Amino acid sequence: MSTITVPLPDEDFQFMNDWTKQQGTTVAEFFALEVRNLRQHLQSPLHPDLKRATGILATDIEGESAHLDHLDHKHA
């Protein structure tokens, strides 16, 4: 097993320590579980519904400017 050190402001560490205690765990166990969940999530295949939806949105549209243009016309 590997170990890492993560610098946190004292206030944030105290918050995490208090919160994890209330949850019946530790800061180390909390972060280990979150990393494990992230790894499993990223290694899982996409749901078939998401795969079917791939490609529905045009890739040549710059989303933010298109949205702002839409808002301009909507609220003009």
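Residues numbered from 1 in each chain as written. Predicted model: local features only at pLDDT ≥ 70, side-chain atom pairs only at ≥ 80, totals over all residues. Heavy atoms only, no water.

Participant: Before we go on, may I ask you to explain the overall build of the protein chain in this structure?
Facilitator: From N to C terminus, the protein chain includes 4 helices and 0 strands. Over its C-alpha trace the protein chain gives a radius of gyration of 21 Å, far above what one expects of a compact globule, namely 11 Å for 76 residues. The dimensions of the protein chain, computed from C-alpha atoms along their principal axes, are 50 × 35 × 20 Å. Of the roughly 7,400 Å² of accessible surface on the protein chain, 59% is carried by carbon and sulfur atoms. Here the protein chain carries 6 positive and 12 negative side-chain charges, and the mean point of each set is 14 Å from the other. (Helix = DSSP H or I, 4+ residues; strand = E, 2+ residues; numbered from the N terminus. Rg over C-alpha atoms; globule rule 2.2 N^0.38 Å. Areas by Shrake-Rupley, 256 points an atom, 1.4 Å probe, with all protein chains shown as cover. Lys, Arg positive; Asp, Glu negative; His and termini not counted. Charge placed at Lys NZ, Arg CZ, Asp CG, Glu CD.)

Participant: Would you explain the packing of aromatic side chains in this entry?
Facilitator: Here the distance between the centres and the angle between the planes together describe a pair of aromatic rings. Applying the stated criterion across every chain, the model contains 2 aromatic pairs. Measuring from ring centre to ring centre gives 5.4 Å for Trp 19 and Phe 30, while their planes differ by 80°; the resulting arrangement is edge-to-face. Of this pair, Trp 19 sits in helix α1 (residues 10-23) while Phe 30 sits in helix α2 (residues 27-43), and the two are 11 residues apart along the sequence. Centroid distance Phe 30 to Phe 31: 5.3 Å. Interplanar angle 70°. Geometry classified as edge-to-face. Members of the aromatic cluster, each reached through a chain of ring pairs, are Trp 19, Phe 30 and Phe 31. (Phe/Tyr/Trp six-rings, centres within 6.5 Å; stacked < 30°, edge-to-face > 60°.)

Participant: How should I be thinking about the pattern of salt bridges in this particular structure?
Facilitator: Where charged atoms from two side chains of opposite charge come close, those side chains can pair. Applying the stated criterion across every chain, the model contains 1 salt bridge. A salt bridge links Asp 49 to Arg 52; its shortest N-O distance comes to 2.0 Å. You can see Asp 49 and its partner Arg 52 sitting in helix α3 (residues 48-53), 3 residues apart, about one turn around the helix. With relative accessibility at 43%, the residue Asp 49 sits in the partly exposed group. Owing to a relative accessible area of 58%, Arg 52 belongs among the exposed residues under this scheme. (Salt bridge = Lys/Arg side-chain N within 4 Å of Asp/Glu carboxyl O. Buried < 20%, exposed > 50% of the residue type's maximum accessible area, 1.4 Å probe, protein only.)

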